[in-house]
Amino acid sequence: MLRRGTLLAGAATVALYLVATVAPAVAASAPPAPQPPAAMLDALQRDLGLTAEQAVQRLANEHRAAASEAALTKELGAEYAGAWLNGDASQLSVATTDAADAGAIRAKGAQPVIVSRSLASLDAVKAKLDGASAEAKAGASLWYVDVTTNSVVVLAGDQAAGEALAAAAGADRGVVKVVLSTEKPEAFINIIGGNAYYIGGSRCSIGFSARRGTAPGFVTAGHCGRAGAATTNPSGSFYGSSFPGNDYAWVSTPGHTVTPYVRGSGGANVTVRGSTQASVGASICRSGSTTGWRCGVIQQHNASVRYSQGTVSGLTRTSACAQPGDSGGSFISGSQAQGVTSGGSGNCSVGGTTYHQPVNEILSAYGLTLVTG
């Protein structure tokens, strides 16, 4: 776990830190992708090693893939077992437990993959790991449903620690795969001055503008402040905050104007159009007050991460880098809001892994409406 600083909240001190060539029917049914901002294209080229043409094509593919995945999730129902894009986002694979679904999957321009376990059954196994004791989780860094292997993966420093978590949870060892890793996630925060917003002497980053009824405010990371904590620049207060378990918060900012923008590279603004969840394998960019715009790809959804303060579940794991002070900042894929920065491993000098709390869960938890353009 990278240790970069502390966040003071009340009396507590928190240490933080698809297209297989998309079928014509799919292209016709999916709305056209919005024109990507130049700042996003620049960041994708820099961080994913793409040309400008490749970046535009990738975003268009991902836009169509998200529409196909959403439709197939509903159509396949209990047989649905997840979806993912290949390395260059040119092919969406959709898994199912019923071979009879193959035709419906191909009709949406995706490649069918027949597996033995549904996504619901994998989520149920992961839920058992979530429910294990803190002692059982002590040797693991994170755990998640890996739709690409139809399994639940536990990352741990040694094999015995990962197996101990699975055993303590009573999880089926045929489903759980232990992977050795040196990752030590921690939530990003920094006790230094900067831009974004402040909680006393600490700094975090704004996620997305949102309203609760007519009240303006923004969503951010829960580890940035407890309920009732005051903020400055902009002035407001934490109306609600959850950490650990979750890592999200809603900051109410009376008198301030909310906008549908996320600040991109060079100060350019990216307009938020919605909050449709992007597929595993899709590109994603994040904005924070320390490292600005950084991009990567979505590696897994629904990961549980063990920070020193406790476990946070339901996070999305990405290869976009971040550093202390980026906490709470925006994750966006194309024009769709994805989540707020929670924590990670590594940094933007040597590369790293970063996790975000999905934005739709935050909106639902506090009865918020995302501000969109």
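See the structure shown above.
Overview of the structure. Remember, it's a predicted structure, so these values are computed and weren't measured experimentally. (Residues numbered from 1 in each chain as written. Predicted model: local features only at pLDDT ≥ 70, side-chain atom pairs only at ≥ 80, totals over all residues. Heavy atoms only, no water.)

Some words on the overall build of the protein
Helix and strand content of the protein: eight helices and 25 strands. Surface accessibility of the protein: about 14000 Å² in total, with carbon and sulfur atoms responsible for 52%. (Helix = DSSP H or I, 4+ residues; strand = E, 2+ residues; numbered from the N terminus. Areas by Shrake-Rupley, 256 points an atom, 1.4 Å probe, with all protein chains shown as cover.)

Some remarks on the sheet that holds strand E3 (residues 80–85)
Read from one edge of the open sheet, three strands run E3-E4-E5, paired in mixed fashion. Each edge of the open sheet carries a strand with a single partner, namely E3 and strand E5 (111–114). Adjacent strand axes in the sheet meet at a mean angle of 25° when their direction is disregarded. Direction of pairing for E3 relative to strand E4 (residues 92–96): antiparallel, over a ladder of four bridges. What sits directly across from tyrosine 80, in E4, is threonine 96. (Pairing = 2+ DSSP bridges. Axes fitted to C-alpha atoms, helices over the stretch in contact; angles between N-to-C directions.)

A closer look at the environment of proline 358
Turning to its location among the elements, proline 358 is positioned in strand E24 (residues 351–358). Judged by its relative accessible area of 15%, proline 358 is buried. For proline 358 and aspartate 247, which are 111 residues apart along the polypeptide, the C-alpha to C-alpha distance reads 9.6 Å. Beyond its immediate stretch of four places on either side in the chain, proline 358 contacts Gly314, Leu315, Thr316, Gln338 and Gly339. (Buried < 20%, exposed > 50% of the residue type's maximum accessible area, 1.4 Å probe, protein only. Contact = heavy atoms within 4.5 Å.)

With respect to the pattern of salt bridges
All told, the structure shown has seven salt bridges when counted by the stated rule. Across the pair lysine 108 and glutamate 75 runs a salt bridge, and its minimum N-O distance is 3.6 Å. Residue lysine 108 is located in the loop between helix H4 (102–107) and E5, and its partner glutamate 75 is located in helix H3 (residues 52–76); the two are separated by 33 residues in the primary sequence. Relative accessible area serves as the criterion here: at 24%, lysine 108 is assigned to the partly exposed category. Two residues, arginine 286 and aspartate 326, come together in a salt bridge whose shortest N-O distance is 3.1 Å. Of this pair, arginine 286 sits in strand E19 (residues 283–288) while aspartate 326 sits in the loop between strand E21 (310–318) and strand E22 (330–333), placing them 40 residues apart in sequence. Neither arginine 286 nor aspartate 326 differs from the other in exposure class; each is buried. (Salt bridge = Lys/Arg side-chain N within 4 Å of Asp/Glu carboxyl O.)

Points about the state of the cysteines
Evaluated as defined, the whole model comprises three disulfides. The disulfide bridge from cysteine 204 ends at cysteine 224, spanning 2.0 Å between sulfur atoms. On the S-S bond that ties cysteine 204 to cysteine 224, the torsion sits near -90°, and the link is left-handed. Of this pair, cysteine 204 sits in strand E11 (residues 202–204) while cysteine 224 sits in the loop between strand E13 (215–220) and strand E14 (230–231); the two residues are 20 residues apart in sequence, bridging distant segments of the chain. Judged on exposure class, the residue cysteine 204 and its partner cysteine 224 are both buried. (Disulfide = S-S within 2.5 Å.)

Remarks on the packing of aromatic side chains
Per the counting criterion, the structure on display carries four aromatic pairs. Grouped by ring-pair contacts, the aromatic residues Tyr197, Phe218 and Phe238 constitute a single cluster. (Phe/Tyr/Trp six-rings, centres within 6.5 Å; stacked < 30°, edge-to-face > 60°.)

Some points on the pairing of E21
Along E21, nine of the nine residues are buried, which leaves the element largely enclosed by surrounding structure. Of the strand pairs in this sheet, strand E20 (residues 292–307) and E21 are connected by six bridges, and their pairing is antiparallel. Paired with isoleucine 298 across the two strands is threonine 318, which belongs to E21. Following E20, the chain reverses through two residues before pairing antiparallel with E21.

Here's the deal with the pairing of E5
Regular strands have side chains that alternate between both faces of the sheet. Bridge count between E4 and E5: four bridges; the pairing is parallel. Bridge pairing in E5 places serine 93 opposite glutamine 111. Since E4 and E5 lie parallel, the crossover through H4 that links them has a hand, and here it is right-handed. (Right-handed = clockwise from strand over helix to strand, strands pointing away.)

Overview of the nonpolar core
Met40, Leu44, Phe208, Val219, Val272, Trp293 and Leu368 are the most contacted members of the largest nonpolar core, which totals 27 residues. When contributions to this core are tallied by element, the ones reaching two or more residues are helix H2 (38–48), H3, strand E12 (208–212), strand E16 (248–252), E20, strand E23 (336–347) and helix H8 (359–366). (Core = buried A, V, L, I, M, F, W, Y, C linked by side-chain atoms within 4.5 Å.)

Observations regarding the sheet that holds strand E15 (residues 236–242)
Spatially, six strands are ordered E14-E15-E16-E13-E12-E25 in an open sheet, and the strand pairing comes out antiparallel. Looking at the sheet topology across the chains shown, the edges are occupied by E14 and strand E25 (369–370). Of the strand pairs in this sheet, E12 and E25 are connected by two bridges, and their pairing is antiparallel. The partner of arginine 211 across the bridge, within E25, is threonine 369. Strand contacts of H8: E12, E13, E15, E16 and E25, with the helix running at about 55° to E16, the strand carrying the most contacts.

Some points on the environment of serine 235
Relative to the elements of secondary structure, serine 235 occurs in the loop between E14 and E15. By relative accessible area, serine 235 is classed as partly exposed at 40%. With 18 residues separating them along the chain, serine 235 and glycine 217 place their C-alpha atoms 10.0 Å apart. Contacts of serine 235, omitting those with residues within four sequence positions, involve Ser252, Thr253 and His256.

Remember that the coordinates give geometry; whether it matters functionally is a separate question.
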